[in-house]
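Descriptive structure summary
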Protein chains: 2
Amino acid sequence: MGIGHWLPGVSVVGFALLLGAAGTGAQEQPRLNLMPWPASLQTGNGSLRIDSSFSVALTGHTEARLDRAVQRFLRQLSRQTAIPLSAKTSNKPALNVHTDHASKEVQELGEDESYTLSITADGAKIEAPTPLGAMHGLQTFLQLVEVSPDGFAAPTVAIQDKPRFPWRGLMIDVSRHFVPLEVLKRNLDGLEAAKMNVFHWHLSENQGFRVESKKFPKLHTLGSDGLYYTQDEIRDLIAYARDRGIRVVPEFDMPGHSTAWFVGHAELASGPGPYEIERKWGVFDPAMDPTNEKTYKFLDEFVAEMTRLFPDHYFHIGGDEVNGKQWDANPKIQEFKKSHNLATNEALQAYFSERIQKIVTKHGKAVVGWDEVFIPGVPKDIVIQSWRGQESLAKAAAQGYHGILSNGYYLDLGWSTARHYAVDPLSGPAASLNPEQQQLILGGESCMWAEYVNAENIDSRIWPRNAAIAERLWSPQNVTDVAPMYARLHAVSAQLEWLGLTHRAYYPQMLRRIAGPGARPDELSALRSLADVVEPVKDYTREATATAEPTSATPLNRVVDAVPLESDVARRFGELVDKFVSSSCRDAEAAAQLRAQLLGWRDNDARLQPLEQRSFLVKEVAATLRDLSSVAAMGLAALDFAAKGGVAPEDWKAQQLAVIEQVEKPKSQLLLMPAPAIRKLVEAVAAGGSCAASK
Amino acid sequence: MGIGHWLPGVSVVGFALLLGAAGTGAQEQPRLNLMPWPASLQTGNGSLRIDSSFSVALTGHTEARLDRAVQRFLRQLSRQTAIPLSAKTSNKPALNVHTDHASKEVQELGEDESYTLSITADGAKIEAPTPLGAMHGLQTFLQLVEVSPDGFAAPTVAIQDKPRFPWRGLMIDVSRHFVPLEVLKRNLDGLEAAKMNVFHWHLSENQGFRVESKKFPKLHTLGSDGLYYTQDEIRDLIAYARDRGIRVVPEFDMPGHSTAWFVGHAELASGPGPYEIERKWGVFDPAMDPTNEKTYKFLDEFVAEMTRLFPDHYFHIGGDEVNGKQWDANPKIQEFKKSHNLATNEALQAYFSERIQKIVTKHGKAVVGWDEVFIPGVPKDIVIQSWRGQESLAKAAAQGYHGILSNGYYLDLGWSTARHYAVDPLSGPAASLNPEQQQLILGGESCMWAEYVNAENIDSRIWPRNAAIAERLWSPQNVTDVAPMYARLHAVSAQLEWLGLTHRAYYPQMLRRIAGPGARPDELSALRSLADVVEPVKDYTREATATAEPTSATPLNRVVDAVPLESDVARRFGELVDKFVSSSCRDAEAAAQLRAQLLGWRDNDARLQPLEQRSFLVKEVAATLRDLSSVAAMGLAALDFAAKGGVAPEDWKAQQLAVIEQVEKPKSQLLLMPAPAIRKLVEAVAAGGSCAASK
């Protein structure tokens, strides 16, 4: 097949040719478990065998970080294959990694992350301008290693790869629930695997101030319940991230979302204290006093300390969701607004933003902030993080401002992977920007807000869906087909396990807690059958559907906390129903598969009843269990109609749809995901058209 | 129910009454998930609710270790329930822990480990003479916490508990495969939960010398491939163990099993060097030169260093399996034997043992050694660890020597839990010892030899079976019924997960490696169906059945490495067949369950074939897959005979048994565990008697 070895400075013509050769349309994708999908890929015949003689050589620019990356690569390869691999050198290393020159001392936005990877039966070669690209190449190699009929192997392939966007991040809120350092570290491992390059650390909130401040120790001692990161731990995490090609952007949310600051420093607030750490969720009144010069003096000293601690050029000042109630209630602030010609609270916040932005700039950093901080006229090196919608991003870009997209990438909202995957930073209003303006859109960040996650289930809320968002931000814009995305995601999810991520292992363990350790295997499998087809309620409905107001003391031990946010079983069931219905209900194999699935669901109710008696956590989902039985019976009846070639009567259909309407309402904060597909089935067999008519 | 609060010095009469009230026969055991089962237990009505207000108070003797134990207890309780618990104090703590006095500075054999635990709806109380008992009581409490119809709760109960034997240990061989420190730590957590009190650390072998020696650094630098514990790490682990009421007994195996010593110190050996770290398994020729005074000088200095490092009173010198070949081949040694009147190599080893025992004694320690070190006339404070059989233990006790039993507790042999559970240190020849002699039998140790385990699967080879051995060594001798043991083991296994043990989580992950990350869910479930009913070959047959000689470089990634050592599915299937056959084949429900199970197995073959084509690790088990299909079809045919009330013809039976005989032979080092039950089924339906005759 004639794969050559490219140098990093490969010509654009060659690049385009390869693109053409491999195609990027999803239907043409070869079956490789790569995510993000590379910019250009060519496959060949044969493969490179991986056995215990496998070794890696580094050439060109060297640094300790590259050595560690190779150690990590070998450890990971050894985990994936269980082949013992040592870091021995070899005369004929299986993998050569050539790096041209160093990257920046502190990783910068927009550094060259490109690499090429070629694999033949004789060996493999990664070439990259900087260590960033070399490390990406190692991750791609790991994804290519597969079990084959003859042993572990990596297929013959030629890849030229580079990211579409320079800012590809994950935000984790560590304030609403504290996230231990080792949990963050394994998620950074996940980011490296997904080629994301920013960890946005949301460090302060109403519910907790999570950073040790030596200057103002009351911030963390009184504002964190003892759950905070020491400065040594933070330096350790930043080094850990740098080793993986990841920038760390700290966020201190101001002037709202700041109750935890006020526990130790009530003088910063706009209303009288004392303050306590907030235990509930939502938007709260406390906000910093933007009219008090002492606030800015404090923040100046605080930002001085934090910008020394966090080396990244960007510093996130939050700025979202100030409800203005404390400002309205404070006569001194009202007076200030009048005397300064600030007509609205928005104008007052703009005043605050401007002041804090000047402080950050004074300390040598550039500001990132949520939508609200975008005030026409602010310095051009600000980055707007858009959470409200894509419009604001386009608007900012049109005025020459940088932006990153998070709207559409909120992992806590429980969207399907496909829905996140469809969100493109350059779609919607941004699509009509001119190319120069589009360049201002730097990428995006997925966001993991932490009302309903803790160390136990957080990995499952981030992964594997985050890998698909990472692909959106890395891969060519036309890589959009959903079916191959899900196939690759399934494989990548399994591979992510070897990093120590617990996004799969947590699930049977939480189900065993729900069932009790003494539950019999058949009872557990019945619980699993139910859990596999429900999803938590979506978007911001969790508080509204709660029977008691949730707080940070609420145990996250219910079915709603345990189930993955996306039901693979229900998705596949839906695909099967589509297949059946679109075949005019004549696909016998699909019918048999549907029947088997529906029978299992129908009879699950009886199998779970003993557990329902014993566990309050199972009892809670009894109604959903009944619903599953009832829609399964309905689906079986629909299949019977179809099998007999009859048309289901209209009154039957009406009855069933009335039932489904009830079933589709959330119960115990759960959605029964197969319901819409059953609805489709019922409608098909009752229709004169598609299903019944073709008989 | 009137539970009083006992003081540690409770009268024997009261104790006996409680014993009588609760009974200890397994059939009378209330359904509590306790393991080891306590010496005395009384249940009542009601329960203590566990919610976020739960707190613990310590009274009486206090020390930092108890505070840490309570922290650990709360963390564990919080994991089990997902209820956030802080270490706050309370006016009315739910659990009071009263400790009378300190235990020894360095934990000693035979210290008081007793405790009482009472739980009522109003609160719970643990009372213990020393922290050792208090910590055991906390573990018992954790096992009692269960999910109930109203929330998490601990049942009303009164327990008085103390161990039957004072030496209850687990040995881990860290030499054949290195076991990282964090893996040892989570296993120490498991030992604490199981109330075992000795960790026997097998630190040197032909395949590795795993301890940093500052005196003789070539031991670990040349003898370990860099995989050893630093002295700081060892001190850390010893402190970790002490915190959990566990003694650490180091073993340095001499004069055999010592090739790794000779890589750096060939002068210690009986044959000429140079030596390399051994990569294979088995008994090898190299042995220390027992005739060279320099050997003893070296060992004196080495033991001096190690006895300072390891504070326990006992020091294990190994002493097993010297084949004598190097001694026979060395003229100088032959000469020495003659001049010292040592007729045999056994006598020569006895000479060595006596010398090394004197060295150990000189450094203030008592010797533990395997069977072979028992030479009549050795000092009485030696402890014989019996691996060859129970006879040697009884023989030593009859002569006034202490012993611990390991024969019957070798976890690597793949025995069923029931088989280990049936082994009692005071059964067999020990049963006829007089009470004083029986007192010399101190307990036992399970042994995890490490030819076929690594960090990934070792937990699964130790747990949950080790909990049943721990029960044998702790609980009253008459707690022996197997069915309730398995029920409790099942629950305790789930609880052990919350400690971070990976004995369950490793399994689906290893199966996904075998199948490849892209395998479809139905393919994975087919692989699981097969894997769930096979077990690795037993005892010492693994080398004999291997197609290539295994070494320490052999990847442990095959089905034989992945499956648990005991098939729960096959055990339950066997129980179901027994039930069916013993009901004269008239139990319709059992027949239906058997049929469902057999249909699944019969059709599994077809479901797995795509994976067989793709993965060499699945292809390897193709024959076993065929076998499962074929015996399942056979079982279905047998059920058909039974259903028709007919008697299966003799020639059919003969054909089937011939097939089963083939099926029962190990293939790819796996045993197909349902085969014997199918044989029973076939025989039953073909017999004129039990099954068919009753129709």
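All values derive from a computational prediction rather than experimental measurement.

Moving on, we get to the overall build of chain A. When helices and strands are counted, chain A shows 27 helices and 19 strands. For a compact globule of 695 residues, the expected C-alpha radius of gyration is about 26 Å, and chain A comes in at 27 Å, within 12% of that figure. For the C-alpha atoms alone, the extent of chain A along its principal axes is close to 80 × 70 × 55 Å. The 695 residues of chain A split such that 61% are buried. For chain A, long-range pairs separated by at least 24 residues make up 75% of all intrachain contacts whose partners lie at least 6 apart in sequence.

Opposite the 47 residues of chain A that make contact, chain B presents 48 residues. Buried area between chain A and chain B, summed over both chains or domains, comes out near 3500 Å², and the portion from carbon and sulfur atoms is 57%. Contact with chain B buries area across many residues of chain A, yet Val 147, Arg 513 and Pro 517 of chain A alone supply 17% of it, more than any other trio. The interface formed by chain A and chain B contains two salt bridges. Two residues, Glu 497 of chain A and Arg 512 of chain B, come together in a salt bridge whose shortest N-O distance is 2.7 Å. Put simply, chain A and chain B have 18 residue pairs in polar contact (both at pLDDT 80 or more) between them. Looking at the side of chain A that touches chain B, the elements with two or more residues in it are helix 2 (64-81), strand 6 (146-148), strand 7 (151-161), helix 17 (482-496), helix 18 (506-515), helix 22 (588-614) and helix 23 (616-619) of chain A.

Time to look at the pairing of strand 7 of chain A. Put simply, side chains in a regular strand alternate between the two faces of the sheet. All names here are of chain A. Among the 11 residues in strand 7, 11 count as buried, and that is most of the element. Inspection of the sheet shows strand 1 (residues 40-49) paired to strand 7 by seven bridges, in the antiparallel sense. Across the sheet, the residue bridging to Gln 42 is Ala 158, located in strand 7. One ladder, built from five bridges, connects strand 4 (residues 115-120) with strand 7; its direction is antiparallel. Note that in strand 7 the partner of Thr 116 across the bridge is Gln 160. In this structure, the hairpin formed by strand 6 and strand 7 is closed by a connection of two residues.

A few words now on the sheet that holds strand 17 (residues 441-448) of chain A. Residues and elements named next belong to chain A. Pairing within the closed barrel is parallel, and its eight strands lie in the order 8-9-12-13-14-15-16-17. On average, adjacent strands in this sheet sit at an angle of 25 degrees to one another, irrespective of strand direction. Two strands pair when backbone bridges link them, and strand 13 (residues 314-318) and strand 14 (residues 366-370) are joined in this way by three bridges, in the parallel orientation. Within strand 14, the position partnered with His 316 by the bridge is Val 368.

Attention now moves to the pattern of salt bridges. Taken as a whole and judged by the stated rule, the model has 86 salt bridges over all chains. The partner of Arg 388 of chain B in a salt bridge is Glu 372 of chain B, with the nearest N and O atoms 3.2 Å apart. Of this pair, Arg 388 of chain B sits in the loop between strand 15 (383-386) and helix 12 (390-398) while Glu 372 of chain B sits in the loop between strand 14 (366-370) and strand 15, placing them 16 residues apart in sequence. Its relative accessible area of 55% is what places Arg 388 of chain B among the exposed residues. Exposure remark for Glu 372 of chain B: the relative accessible area of 16% places this residue in the buried category. Overlapping salt bridges, with partners in common, bring together Asp 173, Arg 176, Glu 205 and Glu 451 of chain A in one network.

Another aspect to go through is the packing of helix 2 of chain A against helix 3 (residues 131-144) of chain A. Residue and element names in this part refer to chain A. The contact between helix 2 and helix 3 brings their axes to 10 Å, and the two run at 5 degrees. Considering the angle they form, helix 2 stands roughly parallel to helix 3. Counting all contacts with helix 2, which are made through Arg 65, Leu 66, Ala 69, Arg 72, Phe 73, Gln 76, Leu 77 and Gln 80, the residues of helix 3 involved are Pro 131, Leu 132, Ala 134, Met 135, Leu 138, Phe 141 and Leu 142. Broken down by class, the residue content of the contact of helix 2 with helix 3 amounts to 11 nonpolar, two polar and two charged.

The next subject is the environment of Val 534 of chain A. All names here are of chain A. Inspection of the secondary structure puts Val 534 in strand 18 (residues 534-536). In this structure, the C-alpha to C-alpha distance between Val 534 and Glu 566, residues 32 residues apart in sequence, is 8.2 Å. Not counting the four nearest positions on each side in its chain, Val 534 is found in contact with Val 559, Val 563, Pro 564, Ser 567, Thr 624, Leu 670, Leu 671, Leu 672 and Met 673.

This part is about the environment of Ala 260 of chain B. Residues and elements named next belong to chain B. Relative to the elements of secondary structure, Ala 260 occurs in helix 7 (residues 259-264). Accessibility expressed as a relative area gives 0% for Ala 260, which makes it buried. In this structure the C-alpha to C-alpha distance between Ala 260 and Leu 426, which are 166 residues apart in sequence, comes to 37 Å. Apart from residues no more than four positions distant in its own chain, Ala 260 is found in contact with Glu 205, Asn 206, Gln 207, Gly 208, Phe 209, Leu 219 and Gly 223.

Attention shifts here to the relation of the copies chain A and chain B. Least-squares fitting of chain A to chain B yields an RMSD of 0.0 Å, with the superposition described by an axial translation of 0.0 Å and a rotation of 180 degrees. Such a combination of rotation and displacement between the chain copies is what one expects of a two-fold axis. Across chain A, the smallest distance between a C-alpha and the rotation axis is recorded for Ala 505 of chain A, namely 3.0 Å.

Counting residues in each nonpolar core, the largest one holds 208 residues, and the members touching the most others are Phe 54, Phe 141, Trp 201, Phe 252 and Trp 261 of chain B. By residue number, the principal contributor to this core is helix 24 (residues 622-643) of chain A, which donates nine residues. With residues up to four places along the chain from it excluded, the contact list for Trp 261 of chain B reads Ser 204, Phe 209, Leu 219, Phe 252, Asp 253, Met 254, Leu 268, Met 288, Phe 298, Leu 299 and Phe 302 of chain B. Among the nonpolar cores identified, the runner-up in size contains 200 residues, and Met 35, Trp 261 and Ile 356 of chain A together with Val 533 of chain B belong to it.

All right, on to the packing of aromatic side chains then. All names here are of chain A. Counted according to the given criterion, the structure contains 56 aromatic pairs over all chains. For the ring pair Phe 73 and Phe 141, a centre distance of 5.6 Å and an interplane angle of 65 degrees mean the geometry is edge-to-face. A residue pair is termed long-range when its members are at least 10 positions apart, and Phe 73 in helix 2 and Phe 141 in helix 3 qualify at 68 residues. Its relative accessible area of 2% is what places Phe 73 among the buried residues. Ring pairs connect the aromatic residues Phe 178, Phe 199, Trp 201, Phe 209, Tyr 229, Phe 252, Trp 261, Phe 302, Phe 310 and Phe 315, which therefore count as one cluster.

This part takes up helix 24 (residues 622-643) of chain B. Between its first and last C-alpha atoms helix 24 of chain B spans 32 Å; for 22 residues at 1.5 Å apiece the expected length is 32 Å, and the two agree. Note on helix 24 of chain B: the residue one or two positions beyond its end, Gly 645 of chain B, has a positive phi of about 70 degrees.

All names here are of chain B. Judged by pairing direction, the barrel is parallel, and its eight strands sit side by side in the order 8-9-12-13-14-15-16-17 before closing back on the first. Strand-to-strand twist across the sheet, computed as the mean angle between neighbouring axes with direction ignored, equals 25 degrees. When strand 8 (residues 167-173) meets strand 17 (residues 441-448), the two strands line up parallel, connected through six bridges. What sits directly across from Ile 172, in strand 17, is Met 448. The sheet strands contacting helix 4 (residues 181-193) are strand 8 and strand 9 (198-202), and the helix crosses strand 9 at an angle near 150 degrees.

Residue and element names in this part refer to chain A. Two numbers describe how helix 6 (residues 231-243) lies on helix 8 (residues 293-309): the axes approach to 10 Å, and their chain directions differ by 45 degrees. Regarding the angle of helix 6 to helix 8, the classification is oblique. On helix 8, the residues touching Gln 231, Ile 234, Arg 235 and Ile 238 of helix 6 are Glu 305, Met 306 and Leu 309.

Right, let's talk about the confidence of the model for chain A for a bit. Residue and element names in this part refer to chain A. Across chain A, pLDDT averages 93, with 94% of residues at or above 70. Considering only residues more than four positions removed or in separate chains, one finds that residues 1-29, a stretch of pLDDT under 50, has 54 contacts. Model confidence for the complex is summarised by a pTM of 0.93, with the ipTM given as 0.92.

The next point concerns the environment of Ala 648 of chain B. Residue and element names in this part refer to chain B. Position of Ala 648 relative to the elements: it lies in the loop between helix 24 and helix 25 (650-663). Accessibility expressed as a relative area gives 3% for Ala 648, which makes it buried. Along the chain, Ala 648 and Ala 128 lie 520 residues apart, while their C-alpha atoms are 63 Å from each other.

Before going further, it helps to examine the side chain of Glu 113 of chain B. Residue and element names in this part refer to chain B. Relative to the helices and strands, Glu 113 is located in the loop between strand 3 (95-99) and strand 4 (115-120). Here His 136 takes part through its side chain, which lies 2.8 Å from a polar atom of the side chain of Glu 113. At 2.7 Å, the side chain of Glu 113 and the side chain of Arg 168 are in polar contact. When residues no more than four places from it in sequence are discounted, the contact partners of Glu 113 are Leu 132, Gly 133, His 136, Pro 163, Pro 166, Arg 168, Asn 197 and Trp 474.

Rules behind the numbers
- Residues numbered from 1 in each chain as written.
- Chains lettered and ligands numbered in written order.
- Predicted model: local features only at pLDDT ≥ 70, side-chain atom pairs only at ≥ 80, totals over all residues.
- Heavy atoms only, no water.
- Helix = DSSP H or I, 4+ residues; strand = E, 2+ residues; numbered from the N terminus.
- Rg over C-alpha atoms; globule rule 2.2 N^0.38 Å.
- Buried < 20%, exposed > 50% of the residue type's maximum accessible area, 1.4 Å probe, protein only.
- Contact = heavy atoms within 4.5 Å.
- Buried area = accessible area lost by both parts, 1.4 Å probe.
- Salt bridge = Lys/Arg side-chain N within 4 Å of Asp/Glu carboxyl O.
- Polar contact = N/O pair within 3.5 Å; in protein donor to acceptor, adjacent residues only side chain to side chain.
- Pairing = 2+ DSSP bridges.
- Axes fitted to C-alpha atoms, helices over the stretch in contact; angles between N-to-C directions.
- Parallel < 35°, antiparallel > 145°, perpendicular 65-115°, else oblique.
- Nonpolar A, V, L, I, M, F, W, Y, C, P; charged D, E, K, R; others polar.
- Least-squares fit on C-alpha atoms with pLDDT ≥ 70 in both.
- Core = buried A, V, L, I, M, F, W, Y, C linked by side-chain atoms within 4.5 Å.
- Phe/Tyr/Trp six-rings, centres within 6.5 Å; stacked < 30°, edge-to-face > 60°.
- Expected span 1.5 Å × (residues − 1).
- pLDDT = per-residue confidence, 0-100.

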